[in-house]
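Spelled out, the chains give:
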Amino acid sequence: MHATTLDDLPALPDTLEQFDTHSGSLLERAVFNHRRAVMLACALVTVLLAVLAATRLSLSASFEKMIPRSHPYIQAYLENRTELRGLGNALRIVVESPNGDIFDARYQQTLKQVHDEVFLTPGVDRAWVKSLWAPGVRWTEVTEEGFQGGPVMPDNFDGTPATTERLRANIARAGIVGSLVGTDFKSSMLVVPLLDTDPTTGAKLDVRALSASLEAIRTKVEAGGQAKLHVIGFAKLVGDLMDGLMQVALYFGLAALIATAIIWAYTRCVRSTALVMACSLVAVVWQLGLVAAFGFELDPYSILVPFLVFAIGVSHGAQKMNGIMQDIARGAHRLVAARYTFRRLFLAGLTALLADAVGFAVLMVIDIAVIQDLALTASLGVAVLIFTNLILLPVLLSYVGVSPGAAARTLQAESPETRDRGFNRLFTLLARFVEPRWATVTVIASALLLAGGYAVSTHLKIGDLDPGAPELRADSRYNRDNAYVTGHYALSSDTFAVIVKTPKEGCLKYETLVEADRLAWTLQQVPGVQTTLSLTNAVRQITAGSNEGSPKWLTIARNQDVLNYGAQQASVNNPDLFNTDCSVMPVIAYLGDHRAETLDRVVAAADAFARDHGTADRQFLLAAGSAGIEAATNIVVRKAWVQMLGLVYLAVTVLCFITFRSWRAVVVAVVPLVITSVLCEALMVALGIGVKVATLPVIALGVGIGVDYALYLLSVQLAQQRVGVPLAQAYRVALQFTGKVVVLVGVTLAAGVATWALSPIKFQADMGILLAFMFVWNMVGAVVLIPALSHFLLPTRA
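Residues numbered from 1 in each chain as written. Predicted model: local features only at pLDDT ≥ 70, side-chain atom pairs only at ≥ 80, totals over all residues. Heavy atoms only, no water.

Scanning the entire structure with this criterion turns up 19 salt bridges. In this structure, the salt-bridge partner of Arg218 is Glu215, at a minimum N-O distance of 3.0 Å. One end of the pair is Arg218 and the other is Glu215, both in helix 6 (residues 207-223) and three residues apart, which spans about a single turn. Taking relative accessible area as the criterion, Glu215 reaches 27% and is therefore assigned partly exposed. Put simply, Asp481 and Arg477 hold a salt bridge, and the shortest N to O gap is 3.3 Å. With Asp481 and Arg477 both in helix 16 (residues 477-488), this residue pair falls four residues apart, about one helical turn. Judged by relative accessible area, which is 2%, Asp481 ranks as buried. One salt-bridge network, in which partners are shared between bridges, spans Glu215, Arg218, Glu222, Lys236, Asp240, Arg477 and Asp481. (Salt bridge = Lys/Arg side-chain N within 4 Å of Asp/Glu carboxyl O. Helix = DSSP H or I, 4+ residues; strand = E, 2+ residues; numbered from the N terminus. Buried < 20%, exposed > 50% of the residue type's maximum accessible area, 1.4 Å probe, protein only.)

Before going further, it helps to examine the environment of Thr21. Tracing the backbone shows Thr21 in the segment before helix 1 (26-32). By relative accessible area, Thr21 is classed as partly exposed at 33%. Sequence spacing of Thr21 and Asn33 is 12 residues, and the spatial spacing of their C-alpha atoms is 7.4 Å. Leave out the neighbours within four places in its chain, and Thr21 touches Arg29, Asn33 and Arg339. (Contact = heavy atoms within 4.5 Å.)

With that out of the way, let us pick up the layout of surface pockets. If you add up the space inside the second largest pocket, you get close to 990 Å³. Taken together, 48 residues line the second largest pocket, and the ones lying closest to its centre are Phe234, Leu237, Glu471, Ser626 and Glu630. Taken together, the residues that form the lining of the second largest pocket break down as 24 nonpolar, 17 polar and seven charged. (1 Å grid on protein atoms, 1.4 Å probe; cavity = no way out; pocket = protein on both sides within 12 Å on 5 of 7 lines; lining within 4 Å. Points joined across faces, edges and corners; volume = space filled by probe spheres on them. Nonpolar A, V, L, I, M, F, W, Y, C, P; charged D, E, K, R; others polar.)

A few words on unusual backbone geometry. Geometrically, the link from Leu622 to Ala623 is a cis peptide bond, its omega value of 0° lying close to zero. Inspection of the secondary structure assignment puts Ala623 in strand 9 (residues 619-624). A positive phi angle, near 60°, is found at Phe185, a position not held by glycine. By secondary structure assignment, the location of Phe185 is in the loop between helix 5 (161-174) and strand 4 (187-193).

This part takes up the sheet that holds strand 7 (residues 529-533). In spatial order, the strands read 7-8-6-9; together these four strands make up an open sheet with antiparallel pairing. A single partner strand is all that each edge strand has here, and the edge strands are strand 7 and strand 9. Neighbour to neighbour, the strand axes of the sheet diverge by 25° on average, direction disregarded. One ladder, built from five bridges, connects strand 6 (residues 495-501) with strand 9; its direction is antiparallel. Bridged to Ala497 within strand 9 is Ala624. Its contacts with the sheet place helix 20 (residues 596-613) against strand 6, strand 7, strand 8 (584-591) and strand 9, and it is angled at close to 160° to strand 9. Across the sheet, helix 21 (residues 625-660) is in contact with strand 6, strand 8 and strand 9; its angle to strand 6 comes to roughly 90°. (Pairing = 2+ DSSP bridges. Axes fitted to C-alpha atoms, helices over the stretch in contact; angles between N-to-C directions.)

The next point concerns the state of the cysteines. With the rule as written, the count across this model stands at one disulfide. The disulfide partner of Cys507 is Cys582, and the gap between their sulfur atoms is 1.7 Å. Here Cys507 and Cys582 share a disulfide; its torsion about the S-S bond, -85°, makes the bridge left-handed. Pair noted here: Cys507 is in the loop between strand 6 and helix 17 (510-524) and Cys582 is in the loop between helix 19 (560-573) and strand 8, with a separation of 75 residues, a long-range link. (Disulfide = S-S within 2.5 Å.)

A few words now on a nonpolar patch on the surface. Nonpolar side chains collect at one region of the surface, where Val365, Leu647, Leu650, Val654 and Ile658 lie side by side and expose about 400 Å² of accessible area between them. Along the chain, the position of Leu650 falls in helix 21. Leu650 sits in the exposed class, given a relative accessible area of 51%. (Patch = residues over 30% accessible without salt bridge, like charges linked within 9 Å, V, L, I, M, F, W, Y side chains within 5 Å. Areas by Shrake-Rupley, 256 points an atom, 1.4 Å probe, with all protein chains shown as cover.)

A few words on the sheet that holds strand 5 (residues 228-233). Read from one edge of the open sheet, three strands run 4-1-5, paired in antiparallel fashion. Looking at which strands have only one partner, the edges of the open sheet turn out to be strand 4 and strand 5. Direction aside, the axes of adjacent strands within the sheet are offset by 20° on average.

This next bit is on the pairing of strand 5. Taken across its six residues, strand 5 has five buried, putting it largely inside the fold. Taken together, the six bridges between strand 1 (residues 90-96) and strand 5 define a ladder with antiparallel strand orientation. Its bridge partner lying in strand 5, Val95 is registered against Leu229.

Here we take up the side chain of Thr377. Residue placement: Thr377 occurs in helix 12 (residues 369-400). Contact partners of Thr377, with chain neighbours within four places excluded, come to Gln287, Val291, Ser302 and Val305.

Another point: helix 24 (residues 727-754). Counted at 1.5 Å a residue, the expected span for helix 24 with its 28 residues is 40 Å, but the 35 Å between its end C-alpha atoms falls short. For helix 24, a buried count of 23 out of 28 residues is recorded, marking the element as mostly surrounded by other parts of the structure. (Expected span 1.5 Å × (residues − 1).)

What follows is the structure, given as C-alpha cells:
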C-alpha cells in the first residue's frame, strides 16, 4: 500500500507573491486582509474583559439554585416554607464534651458561648434556633395539680449540683434525648434554621462567609480543649465545597503545564506552542469576563467550565498549528499556510465548536439553576473560541509561523526512512482497519462491547449511593461530622416532610388529625424510615397527660375541645409542628439515609397516600425537608438524563449531517460516541457513581467534545474520497493531516482532567475520572472505529 505523504497533496504557491490575496471565502478575506485590525480588536476585548473578570467576578452558591424550582414538590415547599421553619436550609451544630458529659459546668458554659455566637451570626433565623440554652426548648409534665413546664435550661443555671440536677431532670421530662441531646449524654445539638436573604439589606445569604464564621467559632472553642464541634447542613457543605474549590486554580495550572509539555514534545516549537496556550488562555479570560458582564457568578459547578474551555481551545488550536506547520514544511509562506489551513479546517472547527456548544446548551432543559448557569457559561466559553482559536490563532501564526526545526522534523517524519517509526508506524497500523478482516473484527468487537456495556449500564442508579455528603470524600471533615451525628442521635438530618394543608383551623379537626396519623403510620412501615413526628404525637401525649397519664388516652379524641387544648399546649412546646392559623401541618419522617432507593420507597408510599386520601379541603403535598428536596431533585435528574441524551445526540446528528451531507458519514461519526457513552454509564456502575446533579453534565460534555475528533478526521477523509482517492489512502491522509493531533489532544485532555482525581471535592474527582475515560475512548473510537465503519458504509466517494 502506498504511504501517503505531504507531497501527495495539491501543490501550494512557492512565494507570497504568487498567492491570490482575493481568493478564499468572504470571511477569510475579511480576516487575513485586515490582520492588524483583527489583532487590535482582540487585544482591546481581552483587556476590557480581563478588567471585568478581575473586578466583578465572584464565587458564591445559593440553596435555591441547587433545587428544581418548578417541580411540584419544590413549589409546594416554597409556597409554604414560611410556615415550615427548620425544614429547609438549616444547620445542625453538635457540641461534644471530650472529657465528660454535658452536665459538666465548663461544658455548659462553652455550649452557651457557642449558642450566643451562632445566634448572632448573620443569616441565622434567630426565632427558631433550638438548643439547651434556647428558651423555646421546653419540658412539660403532668402532676396532681395539672400541667407543669418551663424551659429545659433552669433559670439562673450556675453549674452547681442543684441546678445541674434540675437540668438533668428537665432533659428527661422534655424527651429530647436523641434529638437535641446525644444518646450517650456526651454532646448536645443546636438546630439553626437559615434565612435566604438578610432582612435588613436584602442581600443573599453569603454561604462562604457563614461557613467561615462557623469555622472561626469551631477553632476558638476547640483551642481551649473544652469541646469539639461537628457541623452539618447545606450551608456548611457548600462552604466546604467552595473552600476546596479554591484548589481548582492549582489543578488548572497543572493541566495547563501538562498540555504545554505534551504539545511542545510533539512540535518542539516554542513559539507555536506558546501561541496555542496563549489563545486558549485568552478564551478563558473572555469567558470569565462575559460571565461577569452578564451579572452571573461562579459556583461549585460552573467553576470547572474555564478548564473545559481551555481544553477545547487547546484541541482546536493544536489542529490549526499542525496544519500550518505541515504547509510550511511543504514550502509555503507562513501567511499562505495560515490561509490554506483556515480554508481547510475552519468549517470543521466551527461545526465541532457548535457541537460542543450544543452539548452544553442541552443542559438548559434541566430544571436546576446551577446546571443552567453551567450550560450558559460554558456556551459563552465555546462561542469565544470561534474568535480566539479559529480566527485569532491562525492570524498570529501567519506572522510568527513555526520554527525551521519543527518544519524540518515534519518533512523528516514523512520521509521513507522514518515510515516505520513513531507516528508513521502507528498510522500504518491504524490504516489497516479499513481492510475487510480488520474492519469486520473491529465492528464485531465494538458490538460486543456495546452489548456488555449496556447490560451493566441498566444497573445505573439515580441519586446518591453513599451516606453522608457525596460531594465530599468519605474522610472529609464534613462527612466525619455527619457520621458522628448519625451515630449519636436517634433522629437523622435526612428529613422527609409531607405538608398537610387545610383551611384555617383545619389541622385541629379530628378527621385531619386521624388522616395525618395514618400517613405517619404508613411512612413508619417503609424500610429506611427511623420514626415520624407530627402534631398528632404531641396531641396524643397531652391528651393522656390531661387524664392522669392514663395509656387509654394516648389517642386522638373526637371531642374538639380536647383537641383544641392539646394543640394549644403543643404550640408552646413544639411551635414548629403547625403554623399560627393551623392551616399547614408537616408530617415529618426521619430517614436512615438519603440513598436513591430509600427516597424512592418513601416517595412512592407518600404519593400513593396523598392520591388516595387527599380532598379539596385536606391536601397532602409532597415534599419538604432535606430528603424531600433531594427526592424532587432525583425525579428531575431521572427525567433529564434520558431527555438530555436524546437532545444531545439529535443535535450532534443534525450538525454532522449539515457538515457531511451523507447519512452514512453521520452513522460513522456518531456510533463511536454512542459506544463511549454506554461504556461511561457502565463505568459509573462499576465505580458506584450515581446520576446526580454533579455527574449529569458529563455525558453531554463528553459527546459534545468527542465529536470533534470525528469531524476533523472525516472532513479530510471525505474530501479526499470525493476527488477519487481510495478509502485506504484517504484515511491515511486524514491521519497525517488531523489524526496525529486527534491522538495528541485525546491524551492531553485526558491527562489534564485526570488531575481532578486528586481533588478533595468528590464530585470533581468523579467528573475528572469520567471525562478522562470519555476523552480517551472517543479518541480510540475515532481512529479505530471510523475506518472500520467506513469500510462498510463509505467504501467509495460519499
